[in-house]
Amino acid sequence: DRAVEAAERDARLREHLLRQAARVTGQGIDFAAYRRSIDRATESGGFVHYREAHDFTAGIWEAIEPLRELLREGHAEAVIELAEHGLSRTGQALLEMDDSDGGMSPILDELQALHLQACRKARPDPEELAARLFDWEINGEWDVFHGAAETYAEVLGEKGLAVYRTRAEAEWQALPALRPGEREGYSSRRFHLTGVMEALARTSGDLAALVAVKAKNLSLPYHFLTIAELYREAKQPDDALDWAERGVKAFSDNL
């Protein structure tokens, strides 16, 4: 009775007791209870002001920390689903708060780390996983799963990477090339697609493919420099010098 009374006054204690109760149902762990806990923790109830942000993020931490215990106990498949749900809910919560201190960023990092570890253990269907990761990376907020083709290469394998490559190349072909001096303003889609294509090229170890990706945007001198540096690191000084000279020529009016 005293525990119930305390839980009625203390929301965090109540959530802790509910998660503990989810583990002793007699029919296995109630994973839906963990999902509901994440939902309640990320429910802003309106805009979360700066002075309230610390307590708000602390509540989310308490909701996701038990996922590590679930992973240690062998419930990797459940952790994959819960981590993705947590990322979705946390991303939405970020739109409804003042996170000037950046307290939510470590939460996103932790959920992504848990997701990767769970995928390494559970080995989900690589093609389905690739499709989800691609959609997250291209359409999601906050750069969630940025560079996933490279990070998840071992888990995705040839089949998963093929799905990633097919999806990415279809959109990449429709993206216009930018010549020296051309500007289109910041494009989230270009940024994310470029990240995907670069990750795929690095995964394949194909330097020419990586250069081709970077060469699709030569709007700034810096872009020539990054290509020259790639060739220098690959111990191809002639190509490095060629790209450096091309950059100087393209932007000679700025010298």
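None of the values given here were measured: they were computed from a predicted structure.

Engineer: Now, about the overall build of the protein: what can you tell me, with residues and values included?
Structural biologist: Along the protein, the regular secondary structure elements total 14 helices and 0 strands. Split into buried and exposed, the 255 residues of the protein put 41% on the buried side. In the protein, of all internal contacts separated by at least 6 residues, the share reaching a separation of at least 24 is 67%.

Engineer: Outline the nonpolar core, listing residues and values.
Structural biologist: Ranked by size, the top nonpolar core spans 55 residues in total, and within it Y152 and Y164 carry the most contacts. Among the elements that make up this core, the one with the highest residue count is helix α10 (residues 153-173) (8 residues). Not counting the four nearest positions on each side in its chain, Y152 is found in contact with Q112, H115, L116, C119, L129, L133 and F145. V211, L218, I227 and W243 belong to the second largest nonpolar core, which has 12 residues in total.

Engineer: Can you lay out the environment of A122 for me, pointing to particular residues and giving the numbers?
Structural biologist: Tracing the sequence through the fold places A122 in helix α7 (residues 105-122). Ignoring sequence-local partners within four residues, the contact set of A122 consists of A76, E77 and I80.

Calculation rules
- Residues numbered from 1 in each chain as written.
- Predicted model: local features only at pLDDT ≥ 70, side-chain atom pairs only at ≥ 80, totals over all residues.
- Heavy atoms only, no water.
- Helix = DSSP H or I, 4+ residues; strand = E, 2+ residues; numbered from the N terminus.
- Buried < 20%, exposed > 50% of the residue type's maximum accessible area, 1.4 Å probe, protein only.
- Contact = heavy atoms within 4.5 Å.
- Core = buried A, V, L, I, M, F, W, Y, C linked by side-chain atoms within 4.5 Å.

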